2 protein chains.
Amino acid sequence: MTDARLPAAIAVTAPAVAPMPTARSKARQQREQQLLELAQQILRQDGFTGLTMDRLASLSDVSKGTLYNHFSSKEDVLTALSVDSLQRLLQLFQHASTFSGHSRERALALHHAYHKFSAAEPTLFLCLLSAATPGVMEKSSPARMLQRQQLEMQLLQYCQQVLSDALADGSLQLPVGVSLEQWSFINWALAFGCNALFVPLRQLGLFAGLAAPQVNLHSINLLFDGMGWLPLSSGWDYQQSWQQISLKFDSAANSESTLAHSAQEQA
Amino acid sequence: MTDARLPAAIAVTAPAVAPMPTARSKARQQREQQLLELAQQILRQDGFTGLTMDRLASLSDVSKGTLYNHFSSKEDVLTALSVDSLQRLLQLFQHASTFSGHSRERALALHHAYHKFSAAEPTLFLCLLSAATPGVMEKSSPARMLQRQQLEMQLLQYCQQVLSDALADGSLQLPVGVSLEQWSFINWALAFGCNALFVPLRQLGLFAGLAAPQVNLHSINLLFDGMGWLPLSSGWDYQQSWQQISLKFDSAANSESTLAHSAQEQA
DNA sequence: GTGAAAAGTTGACGGATCGTCATTTTAGGT
DNA sequence: ACCTAAAATGACGATCCGTCAACTTTTCAC
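### A few points about the overall build of chain A
Moving on, step 1. Within chain A, the regular secondary structure consists of 12 helices and zero strands.
Moving on, step 2. Each helix and strand of chain A, placed in order from N terminus to C terminus, yields the pattern α-α-α-α-α-α-α-α-α-α-α-α.
Moving on, step 3. By residue count, 48% of the 267 residues in chain A fall in the buried class.
Moving on, step 4. Across chain A, the fraction of contacts at a sequence separation of at least 24, relative to all contacts at a separation of at least 6, is 71%.
Moving on, step 5. For chain A, the exposed surface amounts to about 12900 Å²; the carbon and sulfur share of it is 56%.

### Points about the nonpolar core
Moving on, step 1. Core analysis: the biggest nonpolar cluster contains 160 residues, and Phe 185 of chain A together with Phe 185 of chain B have the highest contact counts within it.
Moving on, step 2. Among all residues touching Phe 185 of chain A, those that are not within four sequence positions of it are Cys 194, Leu 197, Phe 198, Leu 201, Phe 207, Leu 210 and Val 215 of chain B.

### Remarks on the relation of the copies chain A and chain B
Moving on, step 1. Rotating chain A by 180° and translating it 0.0 Å along the rotation axis places it on chain B, where the RMSD comes to 0.0 Å. Look at the turn and shift together and you get a two-fold axis relating the two.
Moving on, step 2. A share of 100% of interface residues in chain A that are also interface residues in chain B marks the association as one of identical surfaces.

### With respect to the protein's contact with DNA strand D
Moving on, step 1. Taken together, 16 residues sit near DNA strand D, with Arg 24 and Lys 64 of chain A together with Arg 31, Ser 63 and Thr 66 of chain B positioned nearest.
Moving on, step 2. If you look at DNA strand D and keep only atoms within 4 Å of the protein, 71% of those are sugar or phosphate atoms.
Moving on, step 3. In the model, a base oxygen of DNA strand D is placed 2.6 Å from a nitrogen or oxygen of the Lys 64 of chain A side chain.
Moving on, step 4. Within the side chain of Arg 31 of chain B, an N or O atom sits 2.4 Å from a phosphate oxygen of DNA strand D.
Moving on, step 5. A total of three residues in the surface near DNA strand D trace back to one element, the largest contributor, which is helix α4 (residues 64-70) of chain B.
Moving on, step 6. Split into classes, the residues belonging to the surface near DNA strand D amount to three nonpolar, six polar and seven charged.

### Structural notes on the packing of helix α6 (residues 103-120) of chain A against helix α7 (residues 122-130) of chain A
Residues and elements named next belong to chain A.
Moving on, step 1. Here α6 crosses α7 at 110°, and the two axes come no closer than 5 Å. Relative to α7, the element α6 is oriented roughly perpendicular. Residue-level contacts link Tyr 114, Phe 117, Ser 118, Ala 119 and Ala 120 of α6 to Pro 122, Leu 124 and Phe 125 of α7.

### Section: the pattern of salt bridges
Residues and elements named next belong to chain A.
Moving on, step 1. Evaluation of the coordinates by the stated rule reveals 18 salt bridges over all chains.
Moving on, step 2. With its nearest N and O atoms 2.8 Å apart, the salt bridge here joins Asp 225 to Arg 104. With Asp 225 in helix α11 (residues 212-227) and Arg 104 in helix α6, the pair connects residues that are 121 residues apart, well separated along the chain.
Moving on, step 3. One salt-bridge network, in which partners are shared between bridges, spans Glu 32, Asp 76 and Arg 144.

### Focus on the packing of aromatic side chains
Moving on, step 1. This model, assessed by the stated rule, comprises 13 aromatic pairs over all chains.
Moving on, step 2. Geometrically, the ring pair formed by Phe 192 of chain A and Phe 192 of chain B is stacked, given 6.3 Å between the ring centres and 10° between the ring planes. In this pair, Phe 192 of chain A is assigned in helix α10 (residues 180-203) and Phe 192 of chain B in helix α10 (residues 180-203), connecting two distinct chains.
Moving on, step 3. Using a relative accessible area of 7% as the deciding quantity, one classes Phe 192 of chain A as buried.
Moving on, step 4. Centroid distance Phe 93 of chain B to Tyr 158 of chain B: 6.4 Å. Interplanar angle 80°. Geometry classified as edge-to-face.

### A closer look at the protein's contact with DNA strand C
Moving on, step 1. The environment of DNA strand C is made up of 14 residues, and the closest members are Arg 24, Arg 31 and Thr 66 of chain A together with Lys 64 and Tyr 68 of chain B.
Moving on, step 2. Here DNA strand C approaches the protein such that, of its atoms within 4 Å, sugar and phosphate make up 71%.
Moving on, step 3. Interatomic distance of 3.0 Å between a backbone N/O atom of Met 53 of chain B and a phosphate oxygen of DNA strand C.
Moving on, step 4. Asp 54 of chain B is positioned with one of its side-chain polar atoms (N or O) 3.5 Å from a phosphate oxygen of DNA strand C.
Moving on, step 5. Sorting the residues of the surface near DNA strand C by element identifies α2 (23-46) and α4 (64-70) of chain A together with α3 (53-59) and α4 of chain B as the ones contributing at least two each.

### Thoughts on the environment of Ala 212 of chain A
Moving on, step 1. Along the chain, Ala 212 of chain A falls in helix α11.
Moving on, step 2. Expressed as a C-alpha distance, the spacing of Ala 212 of chain A and His 115 of chain A, which sit 97 residues apart in the sequence, is 8.7 Å.

### Some remarks on α6 of chain A
Moving on, step 1. Taking 1.5 Å of rise per residue, the 18 residues of α6 of chain A would be expected to cover 26 Å, and the 25 Å separating its terminal C-alpha atoms lies within 8% of that figure.
Moving on, step 2. Of all the 18 residues making up α6 of chain A, 15 are buried; the element is thus mostly covered by neighbouring parts of the structure.

### Description of the interface of chain A and chain B
Moving on, step 1. Facing the 52 residues of chain A at the interface are 52 residues of chain B.
Moving on, step 2. Roughly 4500 Å² is buried in total at the junction of chain A and chain B, and carbon and sulfur atoms are behind 77% of that figure.
Moving on, step 3. Its largest share of buried area at the contact with chain B, chain A owes to Phe 185, Leu 204 and Phe 207 of chain A, together 16% of the area lost on that side.
Moving on, step 4. For the pair chain A and chain B, the interface holds zero salt bridges.
Moving on, step 5. In this structure, the connection of chain A to chain B is made through six residue pairs in polar contact (both at pLDDT 80 or more).
Moving on, step 6. Going through the elements one at a time, α7, α8 (134-137), α9 (142-169), α10 and α11 of chain A are the ones with two or more residues in the side of chain A that touches chain B.
Moving on, step 7. Among the elements that make up the side of chain A that touches chain B, the one with the highest residue count is α10 of chain A (18 residues).
Moving on, step 8. In terms of residue class, the side of chain A that touches chain B is made up of 31 nonpolar, 15 polar and six charged.

### Some words on a positive patch on the surface
Moving on, step 1. There is a patch of like positive charges on the surface, built from Lys 74 and Lys 139 of chain A together with Lys 74 and Lys 139 of chain B.
Moving on, step 2. Secondary-structure assignment places Lys 139 of chain A in the loop between α8 and α9.
Moving on, step 3. Its relative accessible area of 38% is what places Lys 139 of chain A among the partly exposed residues.

### Let's talk about the confidence of the model for chain A
Do not read the predicted coordinates in detail wherever pLDDT is low.
All names here are of chain A.
Moving on, step 1. For chain A, per-residue confidence averages 87 on the pLDDT scale, and 85% of positions sit at 70 or higher.
Moving on, step 2. With pLDDT under 50 throughout, residues 1-19 is counted as low confidence; its partners more than four residues away or in other chains account for one contact.
Moving on, step 3. Of the regions scoring below 50 in pLDDT, residues 258-267 engages in two contacts with residues more than four places distant in sequence or in other chains.

### Some details on helix α5 (residues 74-96) of chain B
Moving on, step 1. In a regular helix each residue adds 1.5 Å, so 23 residues correspond to 33 Å; α5 of chain B covers 33 Å between its end C-alpha atoms and thus fits that length.
Moving on, step 2. For α5 of chain B, a buried count of 17 out of 23 residues is recorded, marking the element as mostly surrounded by other parts of the structure.

### Concerning the side chain of Glu 75 of chain A
Residues and elements named next belong to chain A.
Moving on, step 1. Among the structural elements, Glu 75 can be located in helix α5 (residues 74-96).
Moving on, step 2. Put simply, Glu 75 is tucked away with no salt bridge, and the nearest opposite charge, on Lys 139, sits 4.4 Å away.
Moving on, step 3. Sequence-distant contacts of Glu 75, that is, excluding residues within four places in its chain, are made with Gly 135, Val 136, Lys 139 and Ser 140.

So, how was this worked out
- Residues numbered from 1 in each chain as written.
- Chains lettered and ligands numbered in written order.
- Predicted model: local features only at pLDDT ≥ 70, side-chain atom pairs only at ≥ 80, totals over all residues.
- Heavy atoms only, no water.
- Helix = DSSP H or I, 4+ residues; strand = E, 2+ residues; numbered from the N terminus.
- Buried < 20%, exposed > 50% of the residue type's maximum accessible area, 1.4 Å probe, protein only.
- Contact = heavy atoms within 4.5 Å.
- Areas by Shrake-Rupley, 256 points an atom, 1.4 Å probe, with all protein chains shown as cover.
- Core = buried A, V, L, I, M, F, W, Y, C linked by side-chain atoms within 4.5 Å.
- Least-squares fit on C-alpha atoms with pLDDT ≥ 70 in both.
- Near = heavy atom within 4 Å.
- Polar contact = N/O pair within 3.5 Å; in protein donor to acceptor, adjacent residues only side chain to side chain.
- Nonpolar A, V, L, I, M, F, W, Y, C, P; charged D, E, K, R; others polar.
- Axes fitted to C-alpha atoms, helices over the stretch in contact; angles between N-to-C directions.
- Parallel < 35°, antiparallel > 145°, perpendicular 65-115°, else oblique.
- Salt bridge = Lys/Arg side-chain N within 4 Å of Asp/Glu carboxyl O.
- Phe/Tyr/Trp six-rings, centres within 6.5 Å; stacked < 30°, edge-to-face > 60°.
- Expected span 1.5 Å × (residues − 1).
- Buried area = accessible area lost by both parts, 1.4 Å probe.
- Patch = residues over 30% accessible without salt bridge, like charges linked within 9 Å, V, L, I, M, F, W, Y side chains within 5 Å.
- Lys, Arg positive; Asp, Glu negative; His and termini not counted.
- Charge placed at Lys NZ, Arg CZ, Asp CG, Glu CD.
- pLDDT = per-residue confidence, 0-100.

Put into structure tokens, the structure is as follows:
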């Protein structure tokens, strides 16, 4: 954290501590990204059963040995994909937190980002779900797990920041015996539950008549109203807020995906 | 469905349609239960990585061929375990719905049952999580998936029943544009999210200071308050309700587990 | 520029696990 | 006691995982 404040001389004499991005590591990271892109494509096309290390290697331009130089196991690939998802989510959260509105609207924007990501990238979201599974966690590399943990913490920072803001501006009050952590956890849990359950339950034929965005918005309204987060849904049109967020947010996502697309085509 | 109404003669001449529980099928089902018990034990002891079909076969008193006569794949074993969990949850829900109190307390009892199960049987709960994963769903037998679907529908029936009761007795009102399905889904999602996220996030070192039951109760209170479910948490001591439910419920669970234990030892 | 050391790449290989199937064993009926 | 159908067995082929010794490329000192 404080490394940035150290004299340059130290940084030069001890580059191993804060390694500067060499051209080599840059290329390595880029290729890792390509491999993950390919893995994702395989998942989309042939499902999770179709993802095989041999297949991933043969469809890519590297051999199996090199593949294992990037990922410690097949499960590590899944965790890497989930790390990728978390990084993208983090960006989306950064954008969302800039939404100009009161604190509850900003919180809504965070939920919106989470929801839109789960809807736009169902495969990645399933990776996120799978990566929380014991069978995957047991076989992932510690380094990757650490990355995951740090990213989740950063995401939570955004949640807690909005809650802090709300406490500061008086639109929200913390009851005695309740911690800010608790509320951010509950927010996280509700968002995860709604989005993670929707697709599988629909596949099973349950809740056929439900529309994802409506349910999502509604669930958030219930929770925020329960928290007493002003203005309550009875005194504000959050449907409209949601649409406004969509407008600002979806266009940003589009321009981003366009950028990603062109970058992908160049490669 | 209407087979039960057919004359006995037909049932005798076509027993395959509505198979009576023969001694053979009885024994088969009993052994399947033993196998699942063993699988669970392996999972507890050696994690999900340690569960192998060869190992399960060798540790049991049947061969691999017979094992595959029960389960179509390794993943099918996990789904079978999740089906088992759902059946036990169904029983717990049945008990919970008999709690004598107002409708919101009964709903709380359902959440309590769900939470207690996740806490008392973390391994089975992780099976429930894993079984919602694409890699497992893709490889499970259709028959088992159907069982799972039907059980989840039955569980949802209990949720919706309590909600219906609340609407009937006036303690809850459905806003325009909101369906009973939506509310039951949101309840399900919150409970799933809270319980499914708690263990993995704790393992990652997040939310170290949170106590599971408190958070659970608190999240339910927020949601129910948001729904306007009377009496609100400001006008009723749901902490005490939770404890009362625990008292009645945990003792029931204990006597049950005792029964199960003795039954297990007889077998 | 050159050569050697370091870093990176490769695909063949051993091992583990999966799922099947021909053969053997068991159970139920006459 | 014998026959037949269902069930159990474990050896087997196939698949996939992860490793490693040999080989290629890059780096760097001289």
